[in-house]
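# Overview (structure and organization)
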Amino acid sequence: MTKEAKIRDFLVNNLHLIEDGLNAIETEFKLPNISGSDGSVDIIAKDKLGLIVIIEIKTSNSSAKNASHQLCKYVALIKQNLKIADKDLRCILISTDWHELILPFSDFKRNVKYPVDGYSLSLDPEDVPYEAKKVKPIPESEENNICPKHLIFSFERQSTRDDALSKLDAIILEQIGIKNYCILAMCYEGKNKKVYDTYPFIQYLVIDELKIHEKEAVIEKTYSLNKKHENYFQDSWIPKNYFIEQEEWEFEELVISEICRKSSHLCEETRTSNPEEFASLQKSWKIQKICRQGRLASSASKTLINDEDLLKDIMGLKGGNAEIFLSIINPRFQLSWNSAIQKIHYCLLGNEVWQAGLKWFLDKIKNEHQEANVSAFIYNPCNILLSLYSVHYQPILEVVVDDLLNNKVIILTGFLEWDRKTYPQDLERIIKNASEISSLPDRLFTTQGKNSELFEMLVMSKHGLDYSLIETTLHKDKIPNHKYIYVQDNGIETENTDGEEFNTFKYFIQINEGYLHYLRQYIRS
C-alpha cells in the first residue's frame, strides 16, 4: 500500500481531523478514461452544509507539482458527469509537503469560483496523521524574471570555492557587464560518497532577465573590448549584427555560455543547470551563503523578495521553467493570458508539434470560449532516452478547458505515439549516428535537461516515436468526441478518431521490453 493510500484510508474514517462535519461518500472515485490513463479522486465527501467536497491527497513535491491542475480537471469532469454547479461544490487539497505546492495552489485558489482550502498534514513515525493545519495562500506579486539556464562551478575544497567568488564577480561585472545576478555557495550533505570524494562544494550562478538597454550595453562593452585588443568581431561571442529581439532567453543563454568559457579555469568543473535540477539539489545540498548583485541586492528587493521567495524564483515555480509549465488562466484577462502564452512557448522549445498545436488550440479557446477557465500542465523534457528509461521522465501535456456558459469540457492531451512498425535494435549505434549527424561530442546525450533538437528528432525516428495531440470534447450526455490534431507545414488539420492512438506507446513498452532493459542498464552505467 502506498503512503498516499495509507493516509487516505485513515482520513476517510477521521475527516474530523480536517474539518468538523465532513462525511465521506466514496474513496477512489473513478473518472472517465479520457486520455488513455485512469484517474480517480481520493475522497468524495459532503460537508455540514450539504456541499460536495473533492478531497485530493499528496505526500511529496513530485506528486504535488500538478495537484492544482488535477483538481481543476476533476472538478470539470465531476460537474459534467454529475451535473453539479460551482455553487454546490468545494475542494480540499491535503499535502505533507507544501514546498513546491504553495504557489500553484495560491494561483488556483485565486482563479476559480468555488471554495478551495489547503491543509498541511503532520504524520507520526508510522505515517499516521495526527494534525492538520490550514494553509494560508500567498498574495499575488509581480514576477521576478530569472533566466532558466544556470551555471554550476564545482570545487574540491571550500576555501578554493570561496576564493573564486571575487574572481567570478570580476568576470561577470567587468568583462561581460552583467549587473543583476546572484551566486549561491552550497555544500553537499547527502549520502553519495562519490560526491564527497570529488566536488562537494559549488557556486551556483543565476542571472536576471536582461532588458533591451542592458543587452545593448553588454554588446557595446564586448565589441569595445574586442576592438581594443584588435580582434574586433573575430573573437566575439556575440554574432556580428546580432538582432536583440530574438527568442525569449536566447541572449541570456549566450551570456551564460560566455561566463562558462571565461571562468572554467577557476574551478575543477563547470556545467550548466536549470530550475528542475536546482529544485532537486535542495534535498542534499545546503545553501551556506547567498550573494546578490544589482537589482537583486537592493534593500527594496530584499524586503519584497526574501531569500525564500528568491529560491522559488530560481526553481522556476512562477513559470520561468524550460521543462515545466503549470497555471490556471482565463482568456478574459489579457495580461496573464499573454504572459502564459509566452511561457508555454518557451517551455515547449524543441517540441514543434506540441508548440504549434497548443498555440492553435489556445487561439481557438480565446476566440470561442472567452469565459472558460483553462488549466494547463506541461512537462516537456525533450529527452526521449530518459523518457524510455523511466516513467518519471515521460512528457506530459494536458490542458483542461471548463466552459461554464456552454456546459462543456474540452481536454487537449499530448502523448508519445508509436508507428507500430519500427523496432529499435542497436541502442549504441542509434546514439552514435545521431550524435555524429547533430555534431555532439563524445558525451552523446545529456541526463540533465533537454537534448539538442536535431539529436532528439533523429533518435525518436529510430524508435518510431513522435509527439501527438488529441482534443476531447465532453458535452452533457453525449459520447466523448476525440479529434486527432495534425500539425502540418501549411497549418493545422483535425480528424475524428476513436482515441486508439493513446495506447500505442504502451504497446511499444510491452513489445520492446528486452531493448528497454538494456537501455536502462546503459544509462545507469
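Counting from 1, residues in each chain are numbered in the order their sequence is written. Only residues with pLDDT of at least 70 get local features here, since the model is predicted, and only at 80 or more are side-chain atom pairs given and counted; chain-wide, interface and lining totals rely on the full set of residues. Each side-chain value is derived from all of the structure's non-hydrogen atoms; neither hydrogens nor water enter the calculation.

## Some remarks on the overall build of the chain
Numbering of helices and strands runs from the N terminus; a helix is a DSSP stretch of H or I covering at least four residues, while a strand is a stretch of E covering at least two. When you go through the chain residue by residue, the secondary structure sums to 18 helices and 18 strands. Residues counted as buried form 51% of the 525 residues belonging to the chain. Contacts: residue pairs with any heavy atoms within 4.5 Å of one another. A separation of at least 24 residues holds for 69% of the contacts in the chain among residues at least 6 apart in sequence. Carbon and sulfur atoms make up 48% of the accessible area of the chain, which totals about 25,500 Å². Exposure categories follow from relative accessible area, calculated using a 1.4 Å probe and restricted to protein chains: below 20% of the type maximum is buried, above 50% is exposed, and the middle band is partly exposed. Each accessible area is a Shrake-Rupley result for a 1.4 Å probe, and residues are judged covered by the shown protein chains and nothing else.

## Brief notes about the environment of K215
By the element assignment, K215 lies in helix 7 (residues 212-228). Judged by relative accessible area, which is 12%, K215 ranks as buried. Taking the C-alpha atoms as reference points, K215 and I178, 37 residues apart in sequence, are found 9.1 Å from one another.

## Here's the deal with the side chain of D402
Relative to the elements of secondary structure, D402 occurs in strand 14 (residues 396-403). Side-chain polar atoms of D402 contact the side chain of K79, separated by 2.7 Å. Setting aside residues up to four positions removed in sequence, D402 forms contacts with A76, K79, A372, N373, K408 and V409. Polar contact is defined as a pair of N or O atoms within 3.5 Å, subject to the rule that within protein one atom must be able to donate a hydrogen and the other to accept it, and that residues adjacent in sequence are counted only when both atoms are side-chain atoms.

## Considering the pattern of salt bridges
Each reported salt bridge corresponds to a side-chain nitrogen of Lys or Arg within 4 Å of a carboxyl oxygen of Asp or Glu. Within this structure, the stated rule accounts for 24 salt bridges. In this structure, K134 engages D117 in a salt bridge whose closest nitrogen and oxygen atoms are separated by 3.4 Å. Of this pair, K134 sits in strand 6 (residues 129-134) while D117 sits in strand 5 (residues 116-123), and the two are 17 residues apart along the sequence. Among the residues examined, K134 registers a relative accessible area of 55% and is labelled exposed. Assessed through its relative accessible area of 12%, D117 is described here as buried. Across the pair R161 and D162 runs a salt bridge whose closest N-O atoms are separated by 2.9 Å. Under the relative-accessibility criterion, D162 is labelled partly exposed at 37%. Several salt bridges share partner residues, and in doing so they unite E19, D47, R90, D117 and K134 into one network.

## What to know about the packing of aromatic side chains
Two rings from Phe, Tyr or Trp (for Trp, the six-membered ring) form a pair when their centres sit within 6.5 Å of each other. Planes less than 30 degrees apart are called stacked, planes more than 60 degrees apart edge-to-face, and all others tilted. According to the stated counting rule, one finds 12 aromatic pairs in the structure shown. Between the aromatic rings of Y188 and Y196, the centroid separation amounts to 5.1 Å while the plane-to-plane angle is 70°, which identifies the pairing as edge-to-face. Among the aromatic residues, those joined into a ring-pair cluster are W418, Y423, F505 and F508.

## Focus on the pairing of strand 3 (residues 52-58)
Counting buried residues along strand 3, 7 of its 7 residues qualify, which places the element largely inside the surrounding structure. Alternating positions in strand 3 separate into two faces, I52, I54, E56 and K58 on one and V53, I55 and I57 on the other, with burial throughout. Summarising the sheet, strand 2 (residues 39-46) and strand 3 pair through 4 bridges and their orientation is antiparallel. Each residue of the ladder has a partner; that of A45, found in strand 3, is V53. What sits between strand 2 and strand 3 in their antiparallel hairpin is a turn of 5 residues, with G50 showing a positive phi close to 90°. Pairing analysis gives 7 bridges linking strand 3 to strand 4 (residues 89-95), with the strands arranged parallel. Residue pairing for strand 4: I52 is matched across the bridge by L89. Two strands pair if DSSP finds at least two bridges between them.

## Quick notes on the nonpolar core
Working definition of a nonpolar core: buried Ala, Val, Leu, Ile, Met, Phe, Trp, Tyr and Cys residues. They are joined through side-chain atoms within 4.5 Å. Core analysis: the largest hydrophobic core is formed by 45 residues, its most contacted members being L358, F361, L385, L397 and V399. When neighbours within four sequence positions are excluded, F361 is seen to be in contact with V399, V401, I410, L412 and E471. One finds I84, L101, Y114 and V400 within the second-largest nonpolar core, a separate group that totals 32 residues.

## A word on the packing of helix 15 (residues 427-437) against helix 16 (residues 453-463)
How two helices sit against one another is set out by the angle between their axes and by the gap between those axes. Orientation is described by lines fitted to C-alpha atoms, with helices fitted over the stretch in contact, and by angles between N-to-C directions that extend from 0 to 180 degrees. Look at helix 15 against helix 16: their axes get within 9 Å of each other, and the N-to-C directions meet at 145°. In the packing of helix 15 onto helix 16, the handedness of the crossing is right-handed. Here I430, I431, A434, S435 and I437 of helix 15 lie close against helix 16, whose contacting residues are L454, F455, L458, V459, K462 and H463. The residue makeup of the contact of helix 15 with helix 16, split by class, is 8 nonpolar, 2 polar and 1 charged. Crossing handedness: left-handed means the near helix sits turned counterclockwise from the far one by under a right angle, and right-handed means the same turn made clockwise. Following the grouping adopted for this structure description, the nonpolar residues are Ala, Val, Leu, Ile, Met, Phe, Trp, Tyr, Cys and Pro, the charged ones are Asp, Glu, Lys and Arg, and the polar ones are all others, Gly among them.

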